[in-house]
Amino acid sequence: MTSTLSETERLASPPAFQQVSPGRKAKNALATVLVWLSFLIAVAPLVWVLFTVISNGVKRIPYTNWWSQDFGSVLSDEVGGGALHAIIGTLEQGLMCAIISVPLGLLVAVYLVEYGRGTRLARITTFMVDILSGVPSIVAALFIYALWITTLGLPRSGFAVSLALVLLMIPVVVRSAEEMLRIVPDDLREASYALGVPKWKTIMKIVLPTALSGIISGIMMALARVMGETAPLLVLVGYSAYTNWDLFSNNQASLPLLMNNERATNSMEPGSVGFDRIWGAALTLVLIIALINLIATVVSRMVAPKKK
Amino acid sequence: MRPGDRIFKNLTTGAGVFVVALIGLIGVFLIVQAIPALKANELNFLTARTWQTGDPNHLRFGILDLLLVTIYTSLLALIIAMPISLGIALFLTQYAPRRLARPFAYVVDLLAAVPSIIFGLWGILVFAPKLAPIAEWLNKNLGFIPIFGSGNVYPNFQGTIFTAGVVLAVMLLPIITSLSREVFERTPTAQIEGALALGATRWEVIRTTVLPFGKSGYIGASMLGLGRALGETIALTVILYIPAGKTFGWSLNDGGATFASQIAANYAEFNNPRSAGAYIASGLVLFVLTFAVNLAGRSIIGERKAD
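Treat the numbers as computed from the prediction; the structure is a model and nothing was measured.

> Looking at this model, I keep getting lost on the nonpolar core. Mind explaining?
Most often, soluble globular proteins have nonpolar side chains that are buried together. The biggest cluster of nonpolar side chains holds 199 residues, and the ones touching the most others in it are Met169, Leu236 and Trp279 of chain A. Broken down by element, this core gets its largest block of residues, 16 residues, from helix α2 (residues 64-95) of chain B. In contact with Leu236 of chain A, not counting residues within four places along its chain, are Ala141, Ile144, Tyr145, Ile149, Arg156, Ser157, Ala160, Val161 and Ala164 of chain A.

> Can you walk me through the interface of chain B and chain A in this structure?
It is common to give the size of an interface as the accessible area that goes away when the parts come together. Facing the 75 residues of chain B at the interface are 76 residues of chain A. Together chain B and chain A conceal approximately 6,800 Å² of surface at their shared face, both sides included; 81% is due to carbon and sulfur atoms. The tally of links from chain B across to chain A stands at 2 salt bridges. Among the ionic pairs, Arg298 of chain B bridges to Asp130 of chain A, the shortest N-O distance being 3.9 Å. Across the contact surface, chain B and chain A share 10 residue pairs in polar contact (both at pLDDT 80 or more). Looking at the side of chain B that touches chain A element by element, the count peaks at 20 residues for helix α1 (residues 3-40) of chain B. By residue class, the composition of the side of chain B that touches chain A is 54 nonpolar, 14 polar and 7 charged.

> Sorry if this is basic, but what is going on with the environment of Thr13 of chain B here?
Counting through the fold element by element, Thr13 of chain B comes out in helix α1. Setting aside residues up to four positions removed in sequence, Thr13 of chain B forms contacts with Tyr111 and Leu121 of chain A.

> Explain the environment of Ile138 of chain A to me, please; I cannot follow it from the model alone.
On the secondary structure map, Ile138 of chain A appears in helix α6 (residues 137-151). Distance from Ile138 of chain A to Leu233 of chain A, taken between C-alpha atoms, is 9.3 Å for residues 95 residues apart in sequence. The residues touching Ile138 of chain A, leaving out its near neighbours within four places in the chain, are Ala231 and Val235 of chain A together with Thr233, Ala260, Ile263, Ala264 and Leu286 of chain B.

> What is the right way to read the layout of surface pockets from this model?
The method is simple in principle: a probe with the dimensions of a water molecule rolls over the atoms, and the space it marks as empty is what remains. All names here are of chain B. Roughly 470 Å³ of internal volume is contained in the second largest pocket. What lines the second largest pocket is a set of 25 residues, and nearest its centre among them are Trp51, Ile242, Pro243, Lys246 and Gln262. Elements with a contribution of two residues or more to the lining of the second largest pocket: β1 (51-52), α2 and α9 (259-265). For the lining of the second largest pocket, the element with the most residues is α2, which contributes 3 residues. In terms of residue class, the lining of the second largest pocket is made up of 10 nonpolar, 11 polar and 4 charged.

> I would appreciate a short explanation of a nonpolar patch on the surface in the present structure.
Residue and element names in this part refer to chain A. On the surface, a nonpolar cluster with roughly 620 Å² of combined accessible area is contributed by Leu212, Leu291, Leu294, Ile295, Val298, Met302 and Val303. With 6 residues, the single largest contributor to the nonpolar patch is helix α12 (residues 273-303). Relative to the elements of secondary structure, Leu212 occurs in helix α9 (residues 199-227). Overall, the relative accessible area of 33% leaves Leu212 in the partly exposed class.

> Honestly, the packing of helix α4 (residues 84-115) of chain A against helix α11 (residues 255-265) of chain A in this entry has me stumped. Any pointers?
A pair of packed helices can be characterised by two numbers: the angle between their axes and the separation between those axes. Residue and element names in this part refer to chain A. Running from N to C, α4 and α11 point in directions that differ by 135°, and their axes come no closer than 7 Å. For the element pair α4 / α11, the angle class is oblique. Touching His85, Ala86, Ile87 and Thr90 of α4 are Leu255, Pro256 and Leu258, all from α11. Of the residues belonging to the contact of α4 with α11, the class tally is 5 nonpolar, 2 polar and no charged.

> So what exactly am I meant to see when it comes to empty space enclosed by the protein here?
All names here are of chain A. Applying the stated criterion to the full structure yields 1 cavity of 30 Å³ or more. Its boundaries defined by the atoms lining it, the largest cavity holds a volume of some 70 Å³. Lining the largest cavity are Thr90, Gln93, Gly94, Val161, Leu165, Val226, Met227, Glu229, Leu233, Ser254 and Pro256. At the level of secondary structure, the elements contributing two or more residues to the lining of the largest cavity comprise α4, α7 (158-182) and α9. Counting residues per element, the lining of the largest cavity draws most heavily on α4, which supplies 3 residues.

> What exactly am I supposed to notice about unusual backbone geometry here?
Generally, phi is negative for residues other than glycine and the peptide bonds are trans, each holding for most cases. You will see that Asn250 of chain A, though not glycine, has its phi angle at about 65°, which is positive. The residue Asn250 of chain A is located in the loop between α10 (231-236) and α11 in this model. According to the relative accessible area criterion, Asn250 of chain A is exposed, its value standing at 54%. Unusually for a residue other than glycine, Trp250 of chain B sits at a positive phi of about 70°. You can see Trp250 of chain B is positioned in the loop between α8 (234-239) and α9. Residue Trp250 of chain B is classed as partly exposed on the basis of its relative accessible area of 44%.

> Would you mind going over the packing of aromatic side chains with me for this structure?
Tallying each qualifying case throughout the model produces 23 aromatic pairs over all chains. When the centroid spacing of 5.3 Å and the interplanar angle of 90° are considered together, the rings of Trp48 of chain A and Phe127 of chain B count as edge-to-face. With Trp48 of chain A in helix α2 (residues 22-57) and Phe127 of chain B in helix α4 (residues 116-142), the pair connects residues from two separate chains. Among the residues examined, Phe127 of chain B registers a relative accessible area of 13% and is labelled buried. Seen in terms of ring centroids, Phe275 of chain A and Trp279 of chain A are 6.2 Å apart; in terms of plane orientation they differ by 70°. Their pairing is edge-to-face. Remark: Trp279 of chain A and Phe275 of chain A occur in helix α12; sequence separation between them is 4 residues, near one turn of the helix. The pair formed by Phe275 of chain A and Trp279 of chain A is uniform in burial state, with each residue classed as buried. Feature note: the residues Tyr145 of chain A together with Phe45, Trp51, Phe61, Phe270 and Tyr279 of chain B constitute an aromatic cluster, connected by ring pairs. A cation sits over an aromatic face here: Lys199 of chain A above Tyr115 of chain A, 4.7 Å from the ring centre.

Rules behind the numbers
Residues numbered from 1 in each chain as written. Chains lettered and ligands numbered in written order. Predicted model: local features only at pLDDT ≥ 70, side-chain atom pairs only at ≥ 80, totals over all residues. Heavy atoms only, no water. Core = buried A, V, L, I, M, F, W, Y, C linked by side-chain atoms within 4.5 Å. Buried < 20%, exposed > 50% of the residue type's maximum accessible area, 1.4 Å probe, protein only. Helix = DSSP H or I, 4+ residues; strand = E, 2+ residues; numbered from the N terminus. Contact = heavy atoms within 4.5 Å. Buried area = accessible area lost by both parts, 1.4 Å probe. Salt bridge = Lys/Arg side-chain N within 4 Å of Asp/Glu carboxyl O. Polar contact = N/O pair within 3.5 Å; in protein donor to acceptor, adjacent residues only side chain to side chain. Nonpolar A, V, L, I, M, F, W, Y, C, P; charged D, E, K, R; others polar. 1 Å grid on protein atoms, 1.4 Å probe; cavity = no way out; pocket = protein on both sides within 12 Å on 5 of 7 lines; lining within 4 Å. Points joined across faces, edges and corners; volume = space filled by probe spheres on them. Patch = residues over 30% accessible without salt bridge, like charges linked within 9 Å, V, L, I, M, F, W, Y side chains within 5 Å. Areas by Shrake-Rupley, 256 points an atom, 1.4 Å probe, with all protein chains shown as cover. Axes fitted to C-alpha atoms, helices over the stretch in contact; angles between N-to-C directions. Parallel < 35°, antiparallel > 145°, perpendicular 65-115°, else oblique. Phe/Tyr/Trp six-rings, centres within 6.5 Å; stacked < 30°, edge-to-face > 60°. Lys NZ or Arg CZ within 6 Å of the ring centre and 35° of its normal.

By themselves, these observations are geometric and do not establish any function.
Printed below as a string of structure tokens:
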């Protein structure tokens, strides 16, 4: 009896692919290991870089004079002073860049989504925005040099840097804003038109506010990216160890420029003044970028459309 | 059309046209500024290897070395970054536990947020000393192969093309990964399930569905990565050691300068327009080079999207 019972319980035929040949198994295992490994390879330098920046950077930034003084009054190899001049420059140049590129980028995105849909010019614009995002920062710097300094005869200044950064920021703003505008449902627009609201007012009052939270986080990411750019600084403005609030004349420091200047002029022995200053500035820059991202997240949560 | 609409439409269209015009303007301004220096150049711009632009009345400069070092460094970075990026993209789309895929992707994207000067300084001050023994070992044991030979900065194994290429590879990972990931994610589920139903292992599923589907996107992404590598400036300025009076000789242990790092390293010469013109001329070549590579990359990815 028992034997017949087990006969009925057994499947009519065993699954065809129950057995995977050892060769295939081995290949699969190898692929799994390699894929995991490549992820770890990517994470390792990130952790290493952050560890380097934080562990070397904390030596300077807990002191108040790091945030309240410049290097104007201390010698290049003297402990003391702070990065205030560079923080001011980074923020001013970044802010000026945002003031120019955000409206411009938003207009382009609105054009692409609302007015240009499917037209030839819109396709060309999208394409050129893509190409612009691949323009090396040093080429952007040379362009502004040729335009601003050689052709117009204006001085090297923090503002010239802002202009070069605009070229780098516009494509990022356009792409992220475009993406956000596209996901605004058409029903919203049509409802507004049906009430007799003009198109431009619909865009300003309905479409943009709906997409605002995503647009803000895109803008902040773009801003954080350009604040770390160094190449335009070298060509378009000189370093100054003194605080300079004036964006339009004289040399002006910023955090990346400060780091590059210390590298070029100071000893890079671990523990030396120059070494500490570089990593102090690097950590400050990373903190500012992290702070901007944090603000972006909070603000975009606040203005996000309420969900039921 | 209401006046408000007309104004708004013209404003936005104008902004679009402006962005289109920007690329043209960049080209025009660079060409105009480069011409006087190119006319005054006493050497052949394309084939000479010297770069002496300190004296504006006797400009002697050629880009051959810059071009070779730029391409060599970028290709090295690409060769290292391409397989790793492929692995990460596959990991994020096919292997990572679904709940963790997003945070993991975010971690890789964080690499892109690190300013490149920080990569440069980390590369030369922290990473290079660790990498030097490997370069030295390769040189000692495989030195008979020209690319591992003693280069022009020997016995310094730190500020070399090898170091620069490896650091650059790290910087390319997030770009190539994020674009490939997007493509791999769109592999039709029916294909994957079909392969699974036939009893394929996970690797076989990837090989027969995900890879063929995403191949062109992955190649396009790598081209865009290459474009980025060609134009990377400050990290290479910081890392690459420029040996005085020596030219590039195909060794990974060579130093040298790329277009971008050469311009950034000599910003002091921008005090007179003639010398600046020489750098602008080399910047123009870099612009054309990155333009071509990005164009190719974008059109490959664009074709994919059109399907």
